[in-house]
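Residue strings, one per chain:
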Amino acid sequence: MPNDDLLPVNVPAKTIPGEPVTAPAVTAASRARQAFRRDRITWTCYLALALFTYFLSIQGNIIPFLRDELALSYREVSLHPAALAAGLIVCGLLGERVVAWCGRRGALALGFAGICGGAVLLSLAHTVTASIAGCLLMGAPGGLILVVVPALLAERHGALRSVAFGEANAASYFASLTATVAMGSFTAIGLDWRYGLVLGIALTAVALASHAGDPIPAARPAGESGVGRLPAAYWAYWATLFCVIALEFCTLLWSPEVLERVQGLSRASAAAMAAGFSAAMLIGRLFIAPLLRHVSAQRLFAASLALTLPGLALYIGVRQPVPCVVGLVVVGLGTAPLYPLTLGFAIGVAGRQGEVASARASLASGLAILIMPMALGALADGLGLRLACLFLPVLTAVAALCFVAARALERRASNLTHRSGGH
């Protein structure tokens, strides 16, 4: 099948509602000459996703402070990220309907109102019910940002959407690191942890004011959007997406525990060394665009998945801190391109159902974040943390199988389209 991820944006392509987009092939030379242009709408999308990630990341950083202030049990602590993930799941199921009802601009405004409102509720919470409600509000309607931004970037950049997704997620990782540094800085100088939330709300207000006049393209009317069942290839990519998100978050959330309990580092050293994963993820996503000028998105995905395996072997299999940390960094570099590339594949085969595809991708995020880190924890209770981490290469293998199945389904759909077009 032609590789539409590598085609110039202005190449005419035959589209059939509900079917994958097909287009003529291009040479490596013409591919290398493609220019990825970031217009004001692109930067607005990057900023929106970065602000959303800032609040999600800082939510994790303030949980220890809430635990002390509200005397929370571990079960009550676990309900906070679960509530946020549940909000993302709601947006994944209903997000495209909200966008159809209030438009993309309205959905983005509602999303920012949700995350800022959730932040306010979280900062004022005097009971566990209020703090959990704040996290739920961040997830829904905050998760509408995850519905609008990928669909808008895919429309804006067409065949180069994987580049846009990679850069957007690099901005997200930068925002995540900013949230961690902000919280650490405020508490180090004796300020209340709530200043981290105040900073996020202030940055959001400035961003909304500076981009208020940006023309956000409307979603296609229902009659033009090809509403119907998403193709089978989309759901195979969706399963791949679920696996790569689970791999990322299981590693992100459990690496400090692995470094402390398995490798014997102090808690402070484990937290510092675990940051190598996030730094590697940021670097990996910044290099997606240059790499895609030389290799296809599919080959980059396969290479990234292959790089992850030796990294996991060092991270899990070697009981020495230095090789373990090196392995963790390699896992970060290998994992970094997987989410944006898979999201690009999934939205590409969805044809004109961009909003629906983005919403269901948000569902994959919510389910993976809600279920898989807890599943690894349950395995650790029964098998020990080191053996439980063997779950990670299993996720990598399942992601590879789902990707192969998705590619086969995509080719079959393309062949059927070509045959039907020839009669």
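The numbers attached to residues start from 1 for each chain and follow its sequence in the written order. Given that the model is predicted, a residue must reach a pLDDT of at least 70 before its local features are reported, and side-chain atom pairs must reach 80 or more before they are shown or counted; all residues, however, enter totals for whole chains, interfaces and linings. To obtain the side-chain values, all non-hydrogen atoms of the structure were included, while hydrogens and water were left out.

A word on the overall build of the protein. Scanning the protein from N- to C-terminus turns up 16 helices and zero strands. A 1.4 Å probe rolled over the protein chains alone gives each residue an accessible area, and that area as a share of the maximum for its type sets the label: buried under 20%, exposed over 50%, partly exposed in between. When burial is assessed residue by residue, the protein has 52% of its 423 residues classed as buried. Here, two residues are considered to be in contact whenever any of their heavy atoms come within 4.5 Å of each other. Excluding contacts between residues fewer than 6 apart, the proportion of contacts in the protein whose partners are at least 24 apart in sequence is 83%. Per-residue accessibility takes into account occlusion by the displayed protein chains alone, with areas from the Shrake-Rupley method and a 1.4 Å probe. Within the structure as shown, the protein displays about 17,700 Å² of accessible surface, and the carbon and sulfur contribution to it stands at 68%. Secondary structure elements are defined from DSSP: runs of H or I of at least 4 residues count as helices, runs of E of at least 2 residues count as strands, and each element is numbered from the N terminus.

Now for the packing of aromatic side chains. Aromatic rings from Phe, Tyr and Trp, with only the six-membered ring used for Trp, were paired whenever their centres fell within 6.5 Å, and each pair was classed as stacked if the ring planes differed by under 30 degrees, edge-to-face if by over 60, and tilted otherwise. With the rule as written, the count across this model stands at twelve aromatic pairs. Every member of this aromatic cluster is reached through a ring pair, and the members are Tyr234, Trp235, Trp238 and Phe242.

Attention now moves to the nonpolar core. Core analysis: the biggest nonpolar cluster contains 122 residues, and Leu197, Tyr234 and Leu392 have the highest contact counts within it. It is helix α8 (residues 232-262) that contributes the most residues to this core, 16 residues altogether. Every residue in contact with tyrosine 234, bar those within four places of it in the chain, is listed here: Ala346, Val349, Ala350, Ala357, Arg360 and Ala361. Note on terminology: a nonpolar core comprises buried Ala, Val, Leu, Ile, Met, Phe, Trp, Tyr and Cys residues joined through side-chain atoms within 4.5 Å.

Counted as salt bridges are all cases of a side-chain nitrogen of Lys or Arg within 4 Å of a carboxyl oxygen of Asp or Glu. Evaluated as defined, the whole model comprises eleven salt bridges. Residues arginine 360 and glutamate 96 are paired through a salt bridge, measuring 2.9 Å at the closest nitrogen-oxygen approach. Here arginine 360 is found in helix α14 (residues 354-383), whereas its partner glutamate 96 is found in helix α3 (residues 74-124), with 264 residues between them in sequence. The pair arginine 360 / glutamate 96 is uniform in exposure class, with both members buried. One salt-bridge network, in which partners are shared between bridges, spans Glu69, Asp192 and Arg194.

This paragraph deals with helix α7 (residues 194-210). Expected helix span is computed as 1.5 Å times (number of residues minus one). End to end, α7 covers 25 Å across 17 residues, agreeing with the expected 24 Å (1.5 Å per residue, within 8%). If you check which residues of α7 are buried, you get Gly196, Leu197, Gly200, Thr204 and Ala207. Projected down its long axis, α7 shows its buried positions confined to an angular sector of 100°, all on one face. Structural note: α7 exposes Val206 and Ala209 on the side pointing more than 90 degrees away from its buried face. The inward-facing, buried residues of α7 abut α2 (40-70), α3, α4 (128-139) and α6 (161-188). Within this analysis, the arc is defined by the directions that extend from the helix axis to the C-beta atoms.

It is at 8 Å that the axes of helix α5 (residues 144-157) and α14 come closest, and there the two elements cross at 130°. The orientation of α5 relative to α14 falls into the category oblique. Seen along the crossing, α5 lies across α14 with a hand that is right-handed. Between α5, through Leu146, Val147, Val148, Pro150 and Ala151, and α14, the contact on the second element is made entirely by Gly354, Glu355, Ser358, Ala359 and Ser362. Working convention: axes come from line fits to C-alpha atoms, limited for helices to the stretch in contact. Angles between N-to-C directions cover 0 to 180 degrees. Here the word oblique covers every angle except those under 35 degrees (roughly parallel), over 145 (roughly antiparallel) and from 65 to 115 (roughly perpendicular). Should the near helix be turned anticlockwise from the far one by less than a right angle, the crossing is left-handed, and should it be turned clockwise, the crossing is right-handed.

On to the side chain of threonine 240, then. Here threonine 240 is to be found in helix α8. Pairs of N or O atoms are called polar contacts if they sit within 3.5 Å, as long as, within protein, a hydrogen donor faces a hydrogen acceptor (for residues adjacent in sequence, only side-chain-to-side-chain pairs). Side-chain polar atoms of threonine 240 contact the backbone nitrogen of phenylalanine 403, separated by 3.3 Å.

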